[in-house]
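Residue-level structural notes
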Amino acid sequence: FINAWPDTGLSLAAEHGLSREDLNSTYLVISNGKALVRSDGVVEILQHLKAPWRWLRVMRFIPRSLRDAVYSSIAARRYRWFGYEESCFVPTGDMRHRFIDR
């Protein structure tokens, strides 16, 4: 499939050493100027969620190599498990402030 990544997203990815192809296999989470990918990105996102999801941050104590192996396994199967959308999510007006390219 082809993703139409916005220029801002591609620029941020490039600043942190990631290509368009890299973005097809991982999320890029930037926290305090630091790029986090794979399971490190997941752990960062979990810290901003409400309980009980937030409790899963304890995964940060699992060695990264093991966390990343699980991440890759889930990523390889995600479309089979959760499906694939033909169109991207479009934020509503009251949500636009959360996005870089509004």
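In this report, the structure presented in the accompanying data block is examined.

The rules behind the values
Residues numbered from 1 in each chain as written. Predicted model: local features only at pLDDT ≥ 70, side-chain atom pairs only at ≥ 80, totals over all residues. Heavy atoms only, no water. Buried < 20%, exposed > 50% of the residue type's maximum accessible area, 1.4 Å probe, protein only. Helix = DSSP H or I, 4+ residues; strand = E, 2+ residues; numbered from the N terminus. Contact = heavy atoms within 4.5 Å. Pairing = 2+ DSSP bridges. Bend = angle between axes of the 7 residues up to and from the residue. Polar contact = N/O pair within 3.5 Å; in protein donor to acceptor, adjacent residues only side chain to side chain. Salt bridge = Lys/Arg side-chain N within 4 Å of Asp/Glu carboxyl O. Phe/Tyr/Trp six-rings, centres within 6.5 Å; stacked < 30°, edge-to-face > 60°. 1 Å grid on protein atoms, 1.4 Å probe; cavity = no way out; pocket = protein on both sides within 12 Å on 5 of 7 lines; lining within 4 Å. Points joined across faces, edges and corners; volume = space filled by probe spheres on them.

Looking at helix H3 (residues 38-46)
- Turning to H3, its buried residues number three or more, namely Ser-39, Asp-40, Gly-41, Val-43, Glu-44 and Leu-46.
- Each element contacted by the buried residues of H3 is listed here: strand S1 (28-31), strand S2 (34-37) and helix H4 (64-82).

Some points on the pairing of S2
- Examined bridge by bridge, S1 and S2 share four bridges and lie antiparallel to one another. If you follow Ile-30 over to S2, its bridge partner there is Ala-35.
- The turn joining S1 and S2, which pair antiparallel and follow one another in sequence, is formed by two residues; a positive phi near 55° is taken by Asn-32.

Let's talk about H4
- Along its length, H4 reaches its greatest deviation from straightness, about 45°, at Ala-76.
- Residues Arg-67, Asp-68, Tyr-71 and Ala-75 constitute the buried set of H4.
- Elements that come into contact with the buried residues of H4 comprise H3.
- Downstream of H4 by one or two residues, Gly-83 has phi in the positive range, about 85°.

Notes on unusual backbone geometry
- With an omega of 10°, the peptide bond between Ala-51 and Pro-52 qualifies as cis.
- Tracing the backbone shows Pro-52 in the loop between H3 and H4.
- One non-glycine residue with positive phi stands out, namely Arg-38, at about 50°.
- If you trace the backbone, Arg-38 turns up in helix H3.

Describing the side chain of Arg-67
- Along the chain, Arg-67 falls in helix H4.
- Here Arg-67 falls in the buried class, since its relative accessible area comes to 11%.
- Within the structure, Arg-67 has its side chain in polar contact with the backbone oxygen of Met-59 (distance 3.4 Å).
- Filtering out sequence-adjacent residues up to four positions away, Arg-67 remains in contact with Ser-39, Asp-40, Val-43, Met-59, Arg-60 and Ile-62.

Focus on the pattern of salt bridges
- On inspection of all chains with the given rule, the structure shows two salt bridges.
- What emerges from the salt-bridge pattern is a single network uniting Asp-40, Arg-64 and Arg-67.

Some thoughts on the packing of aromatic side chains
- Inspection of every chain in the model, using the stated rule, returns two aromatic pairs.
- Look at Trp-81 and Phe-82: their rings are 6.3 Å apart centre to centre, the planes differ by 90°, and that puts the pair in the edge-to-face class.
- With a relative accessible area of 66%, Phe-82 lands in the exposed category.

Digging into the layout of surface pockets
- Of the volumes computed, that of the largest pocket is approximately 2,500 Å³.
- Mapped onto the lining of the largest pocket, the elements with two or more residues apiece are helix H1 (7-15), S1, H3 and H4.
- For the lining of the largest pocket, the element with the most residues is H4, which contributes eight residues.

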